[in-house]
Amino acid sequence: MTKRLTRLAIWAAWVGVIALGLAVAGATYEVTDDKAIDFLAQFGAPTLALCAGALEIALIWRRWIAAAGLVVTVSALVFALQGQWFPPHASSASPTTRIYFANIWDENRDIARAARSVANANPDVAAMVEFSDRHRAAQARLFPELPYRVLSPGNPAYAGKPGAVIASRWPLRPLTAAATWNFNILAARVEEPGAPFRLIVVHLTRPWPFRRRQSQADQIKRLVAAIETPSDVPTVVVGDFNATASGYLLKALMAQENLSAAPAIMGDWPANLPGPFRIAIENAFAGTGATIVSRRLGRPTGSDHRPIVLEIAPTKAP
């Protein structure tokens, strides 16, 4: 009797993993603003890692039926993640610009570690959210090579009044700055010689079920308003979206605003998990006239998010 129950439990585990993987893959394929389905779609990468590990175990144990089901599941997840991993983008021209983005975490006191992370990336432009009073006081340590800086208002709902910052090698022209409950936006024109661009930095709230169903969608509307403000230079958007490019929320944003995404193969949150189990919620998008050549993770800052480092460039003339 005990052996039978053990076998049933093992098969239930195989079936559960396969069902979870297929559900997540299906949620990624589904084009709907249903919040439960969109929430499930955020977990494609860690679910793929789980199913790949289960497949390895099934092969080692010679559980061929389970292995066959897991091969189908892993294949479905890999296909579902192609848009996040390998998004289409226009051909780039020179020069390239390096942008560093981090959710530094408003309670992060490790200024030295954050400064080393920025220095290692050697960016032309750096942007951060959850940039609190202690970080504002340490700007010279964090951005010694980036003398031009603009900041958003601090959010009075939290201790330390966290906001956003953009620091640059080149002059900045402030455009938009706002901080409300669990939302931050900051935009500036970066006067890069020969290739100026508009940089919009955002921090969206957490998704349903942690916040009300329309919270992220309402904040995306405010981002759209900033993107659609007329600009004579290309637009680049970076931020902590608390959403991946595999979900409906960001797919809809890209389609509506004709944005191309940065490739996000390795996730960035939570930072203390192994790479394959992290979720890519730090994202970047380029509008007409610009393209994102690459995205990689930066060194840890002491935050629960890993920073991302981007190479952007103008698009080639047709």
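For clarity, every value in this text was computed on a predicted model and none was experimentally measured. (Residues numbered from 1 in each chain as written. Predicted model: local features only at pLDDT ≥ 70, side-chain atom pairs only at ≥ 80, totals over all residues. Heavy atoms only, no water.)

Q: Which parts of the structure should I look at to understand the overall build of the protein?
A: Within the protein one finds ten helices and twelve strands. Against the globule reference of 20 Å for 318 residues, the protein gives a C-alpha radius of gyration of 21 Å, in line with a compact fold. Across its three principal directions, the C-alpha atoms of the protein cover 75 × 50 × 35 Å. Within the protein, the proportion of its 318 residues that are buried is 53%. The long-range fraction of contacts in the protein, counting pairs at least 24 apart against all pairs at least 6 apart in sequence, stands at 66%. Placing the 32 positive and 23 negative side-chain charges of the protein at their respective mean positions leaves the two points 7 Å apart. (Helix = DSSP H or I, 4+ residues; strand = E, 2+ residues; numbered from the N terminus. Rg over C-alpha atoms; globule rule 2.2 N^0.38 Å. Buried < 20%, exposed > 50% of the residue type's maximum accessible area, 1.4 Å probe, protein only. Contact = heavy atoms within 4.5 Å. Lys, Arg positive; Asp, Glu negative; His and termini not counted. Charge placed at Lys NZ, Arg CZ, Asp CG, Glu CD.)

Q: Please explain the confidence of the model for the protein as it appears in this structure.
A: When pLDDT is averaged along the protein, the result is 92; 99% of the residues meet or exceed 70. Across the protein, helix H6 (residues 111-121) holds the top mean pLDDT of 98, while helix H1 (residues 2-29) sits lowest at 87. (pLDDT = per-residue confidence, 0-100.)

Q: Explanation requested: the pattern of salt bridges in the structure shown.
A: Side chains carrying opposite charge are able to pair once their charged atoms draw close together. As enumerated under the stated definition, the model contains eight salt bridges in all. For Asp124, the salt bridge identified is with Arg169, shortest N-O distance 3.0 Å. Linking Asp124 in the loop between H6 and strand S2 (125-131) with Arg169 in the loop between strand S4 (163-168) and strand S5 (172-180), this pair joins segments that are 45 residues apart in sequence. Asp124 gets classed as buried once you look at its relative accessible area, which sits at 15%. A salt bridge links Glu191 to Arg189, with the shortest nitrogen-to-oxygen separation between them at 2.8 Å. Given a relative accessible area of 26%, Glu191 falls into the partly exposed group. Looking at Arg189, the relative accessible area reads 13%, which means it is buried. Sharing partners across several salt bridges, the network here consists of Arg173, Arg189, Glu191 and Asp232. (Salt bridge = Lys/Arg side-chain N within 4 Å of Asp/Glu carboxyl O.)

Q: Help me understand the packing of H1 against helix H3 (residues 44-61) in this model?
A: Helix-helix packing is characterised by the crossing angle of the two axes and by the distance between the axes. Remark: H1 packs on H3, axes separated minimally by 10 Å, with the N-to-C direction vectors making an angle of 145 degrees. Along this stretch, H1 crosses H3, giving a crossing that reads as left-handed. Residue-level contacts link Trp14, Val17, Leu20, Gly21 and Val24 of H1 to Gly44, Thr47, Leu50, Cys51, Ala54, Ile57, Ala58 and Trp61 of H3. Counted by class, the contact of H1 with H3 contains ten nonpolar, three polar and no charged residues. (Axes fitted to C-alpha atoms, helices over the stretch in contact; angles between N-to-C directions. Left-handed = near helix turned anticlockwise from the far one by under 90°. Nonpolar A, V, L, I, M, F, W, Y, C, P; charged D, E, K, R; others polar.)

Q: Mind showing me how you'd approach the environment of Leu59 here?
A: Mapped onto the elements of the fold, Leu59 is located in helix H3. By relative accessible area, Leu59 is classed as partly exposed at 42%. The spatial distance from the C-alpha of Leu59 to the C-alpha of Thr235 is 48 Å, given a sequence separation of 176 residues. With residues up to four places along the chain from it excluded, the contact list for Leu59 reads Trp64 and Ala67.

Q: Explanation requested: the sheet that holds strand S6 (residues 183-190) in the structure shown.
A: Strand-to-strand pairing in sheets goes through backbone hydrogen bonds, with the strands running parallel or antiparallel. Spatial ordering of the open sheet is given by S5-S6-S7-S8-S10-S9, a layout of six strands whose pairing is mixed. Only two strands of the sheet have a single neighbouring strand rather than two, namely S5 and strand S9 (260-261). Sheet analysis places strand S8 (residues 235-240) next to strand S10 (residues 282-286), joined by five bridges and oriented antiparallel. Within S10, the residue paired with Val237 across the bridge is Phe285. Across the sheet, helix H9 (residues 215-227) is in contact with S5, S6, strand S7 (197-203) and S8; its angle to S7 comes to roughly 170 degrees. (Pairing = 2+ DSSP bridges.)

Q: Can you help me understand the side chain of Thr47 in this one?
A: Structurally, Thr47 can be placed in helix H3. Classification of Thr47 by relative accessible area gives buried; the value is 6%. Of note is the side chain of Thr47, whose polar atom sits 2.6 Å from the backbone oxygen of Phe43. The residues touching Thr47, leaving out its near neighbours within four places in the chain, are Leu20, Gly21, Val24 and Leu77. (Polar contact = N/O pair within 3.5 Å; in protein donor to acceptor, adjacent residues only side chain to side chain.)

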